Amino acid sequence: MIISVASGKGGTGKTTVATNMASALGRGVRLLDCDVEEPNAHLFLNPVLGQAEEVTTFIPEIDDELCTGCKKCAEICRFRALAVVAGKVLVFPELCHSCGGCMEVCEEGAVLDGNRILGTVESGSAGNVLFSHGRLRVGEAMSPPLIEKVRSINENNGITIIDAPPGTSCPVIAAIKGADFVLMVTEPTPFGLHDLKLGVEAVKTLGIPCGLVINRSDIGDDGVREYAAKEDIPVLLEIPFDRKIAEAYSVGKLIIEVRPEWADKFRDLYNRIEILARC
Amino acid sequence: MRELVIISGKGGTGKTCLTAAFASLAENNVLCDADVDAANLHLLMNPKVRKRTDFMGGSIAEIRSADCSECGRCLELCKFAAISEEFVVDPISCEGCGVCVDLCPEQAIDFPVQKCGEWYISDTRHGAMVHAKLGIAEENSGKLVSLVRQQAKTLAEEKGNDLILTDGPPGIGCPVIASIGGASGLVIVVEPTVSGLHDMSRVADLAVHFKIPGLICVNKYDLNTEMTMEIEAFAEKRNMRVVGRVPFDPLFTRAMIQGKNILEYQGNSDTADRVREVWDAIMQSPSMNLMGLKDFSTVIK
Ligand code: SF4
Ligand code: SF4
Ligand code: SF4
Ligand code: SF4
């Protein structure tokens, strides 16, 4: 069972929901923090992490001795990562999408297997929750391959909870594709509603069932609830604004640590998801 | 020409609400919404679209099954697992590298250019605005961000405006990199939480990487004053100027529901005053006065 926790808009409490649900369920749960640009889940779960593993991607390295300057590699490159100047190939590593086209077309064997560091992946455990996250290298633009790497760690066949990045473009798709259920977290404001609609559209293109958590549910208006009713998206949990929760959050504490009665609500949230994902 | 980009690292820190308020205070400026993935600024600006243009992004492969001999070459070539065993391309997975297109022995693969979104030039009550909408599940958000910024710059030049106010995207990846390159200054809006501090330090690294001066504004500072001080100390250590603190105030949400910024909604509130102070501090910072423009006029007076 793979549940991706997503939100069109950032800062709605996606990480809060993912970490509290993981912690309330406990044993056999794996949490994958795929928000690799700004991973935060570890700040709340304080996992003991093993060695950071570097994740790299292919980029061409040109052997000048073998290269004849024929330009075939530059011609196939759709991303302008290669240029031939005065018979020499220049590589712009940050533009390369690792498609391998240049290596494929070079007849001289002059394109060698080089690499660029995308970021790191770390794994460990927080109590009985298995934990992994990715961390994009600062200055690196391409997060999807790193997200895929974090997701590939998932060898367990129990419950996997994915903390997805915000937005609706390629990194989010990489984090929700193939999930059994997408849990959208939003707040009941015009910004929240606007971005929720985009998020729901993205989930629909992938054909995954989804449900809603409304955070800070008593600040704002009724737009989100009306939309959910109209679109037939079940509201699975509402979390009212509570200064004690906000303060706990600010120092990296879980809701279930300061308000233990919420542990049952998060377990119940999971049970409802399981039923919805099955049918 | 100066461009001030407002970013946050972490989403939901109140960046757009502050940008909208700054739009009320800025003079002679063009607005630019570079958060093309989840644009929000228009919800507070009620823009009248004057010009709408399609954004054509990359191409996507399409196999013509009638011409395909099912030789399997494309499957072997595609590094993005975008082609199924039945030789159908999944448009969401296709990266648009064109390698299969060029190397298919039957030339059975088309490569049509895709419409990836739209961008707009609009009028608002606080001046012209350039904004965009990226299609759902699209790539190329970085390209669209660069385009929107470029258009804002052209527009400002035409109109003789000397300031561009840009609402940036969250994160530190491709759209953020595209939104800060060449900017005069960054305002990083942080909330006083462990995640806020963590994400801000990553954005600060990015600012250093691209050599752009960063200014720090702590929003909702009273949710945790200790953390606020920690953030300010961190900023100082990283040589970033702190331009002020704004309290947690439900007025921001109420104003948002009315489609207004906080200055328009309740301009005489304490919070509105704090926002004005932050704006003054930004405009007096050295990074916004590289050409001495602001100081110069006061000197003349
Ligand atoms: S295809 Fe090979 S030989 Fe030709 S320019 Fe590129 S690297 Fe050199
Ligand atoms: S791997 Fe693809 S994107 Fe990278 S340089 Fe070669 S052809 Fe260009
Ligand atoms: S390479 Fe061309 S002919 Fe071969 S399977 Fe692919 S589309 Fe068909
Ligand atoms: S264009 Fe590139 S990514 Fe798309 S199907 Fe062809 S080889 Fe795969």
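Residues numbered from 1 in each chain as written. Chains lettered and ligands numbered in written order. Predicted model: local features only at pLDDT ≥ 70, side-chain atom pairs only at ≥ 80, totals over all residues. Heavy atoms only, no water.

Draft legend 1. Focus on the overall build of chain B. Of the regular secondary structure elements, chain B holds twelve helices and eleven strands. Here chain B, with 301 residues, has 57% of them falling under the buried criterion. A sequence separation of at least 24 residues applies to 77% of the contacts in chain B between residues at least 6 apart. Carbon together with sulfur atoms contributes 49% to the accessible area of chain B, which is approximately 12500 Å² in total. (Helix = DSSP H or I, 4+ residues; strand = E, 2+ residues; numbered from the N terminus. Buried < 20%, exposed > 50% of the residue type's maximum accessible area, 1.4 Å probe, protein only. Contact = heavy atoms within 4.5 Å. Areas by Shrake-Rupley, 256 points an atom, 1.4 Å probe, with all protein chains shown as cover.)

Draft legend 2. Geometry of the site of ligand 2. F58, P60, C77, F79, A81, L82, C96, H97, S98, C99, G100 and C102 of chain A make up every residue found near ligand 2. Partitioned by chemical class, the residues of the shell around ligand 2 number nine nonpolar, three polar and no charged. (Near = heavy atom within 4 Å. Nonpolar A, V, L, I, M, F, W, Y, C, P; charged D, E, K, R; others polar.)

Draft legend 3. Local environment of the site of ligand 1. Close to ligand 1 lie C67, T68, G69, C70, K71, K72, C73, V89, C106, E108, A110 and V111 of chain A, which account for all nearby residues. For the shell around ligand 1, a count of residues per class yields seven nonpolar, two polar and three charged.

Draft legend 4. A look at helix 11 (residues 270–284) of chain B. Residues and elements named next belong to chain B. Over its 15 residues, helix 11 runs 21 Å from end to end, which matches the ideal 21 Å to within 8%, given 1.5 Å per residue. The set of residues buried in helix 11 consists of T271, A272, V275, V278, W279, I282 and M283. Buried residues of helix 11, seen end-on, are gathered within an arc of 130 degrees and therefore sit on one face of the element. Turned more than 90 degrees away from the buried face of helix 11, the exposed residues are D270 and Q284. (Expected span 1.5 Å × (residues − 1). Arc of directions from axis to C-beta.)

Draft legend 5. Just the environment of N46 of chain B, in detail. Residues and elements named next belong to chain B. Tracing the chain through its elements places N46 in the loop between helix 2 (41–45) and strand 3 (48–59). Overall, the relative accessible area of 51% leaves N46 in the exposed class. Beyond its immediate sequence surroundings of up to four residues, N46 is in contact with D123 and R125.

Draft legend 6. Just the environment of E138 of chain B, in detail. Examined against the element boundaries, E138 of chain B turns out to sit in the loop between strand 7 (127–134) and helix 5 (141–159). Taking C-alpha positions, E138 of chain B is 7.8 Å from I92 of chain B, a pair spaced 46 residues apart along the chain. Not counting residues up to four positions away in its chain, the partners in contact with E138 of chain B are S169 and C170 of chain A together with K115 and C116 of chain B.

Draft legend 7. View of the domain arrangement of chain B. With domains assigned, chain B is organised as domain 1 (2–56 + 117–298) and domain 2 (61–111). Summarising the inter-unit geometry, the C-alpha centres of domain 1 of chain B and domain 2 of chain B are found 42 Å apart. (Domains from an automatic or database assignment.)

Draft legend 8. Seen up close, the interface of chain A and chain B. With 55 residues of chain A at the interface, the matching set in chain B holds 61 residues. Both sides of the chain A and chain B interface together cover about 4700 Å² of buried area, and 62% of this is carbon and sulfur. Counting the surface chain A buries against chain B, the share from its top three residues, E38, V138 and F191 of chain A, is 16%. Taken together, chain A and chain B are joined by three salt bridges. Across the salt bridge formed by E104 of chain A and R73 of chain B, the nearest N and O atoms sit 3.1 Å from each other. Summed over the shared surface of chain A and chain B, the result is 22 residue pairs in polar contact (both at pLDDT 80 or more). Mapped by element, the contributors of at least two residues to the side of chain A that touches chain B are helix 2 (41–45), helix 4 (101–105), strand 8 (129–136), helix 6 (170–176), helix 7 (190–206) and helix 9 (243–250) of chain A. With nine residues, helix 7 of chain A is the single largest residue contributor to the side of chain A that touches chain B. (Buried area = accessible area lost by both parts, 1.4 Å probe. Salt bridge = Lys/Arg side-chain N within 4 Å of Asp/Glu carboxyl O. Polar contact = N/O pair within 3.5 Å; in protein donor to acceptor, adjacent residues only side chain to side chain.)

Draft legend 9. Up close: the pattern of salt bridges. Residues and elements named next belong to chain B. The full count for this structure, using the stated rule, is 36 salt bridges over all chains. One salt bridge in this structure joins D54 and K115, with 3.2 Å as the shortest N-O distance. Of this pair, D54 sits in strand 3 while K115 sits in strand 6 (residues 113–124), and the two are 61 residues apart along the sequence. With relative accessibility at 41%, the residue D54 sits in the partly exposed group. For K115, a relative accessible area of 40% corresponds to the partly exposed category. Linking R238 and D205 is a salt bridge whose minimum nitrogen-to-oxygen distance equals 2.8 Å.

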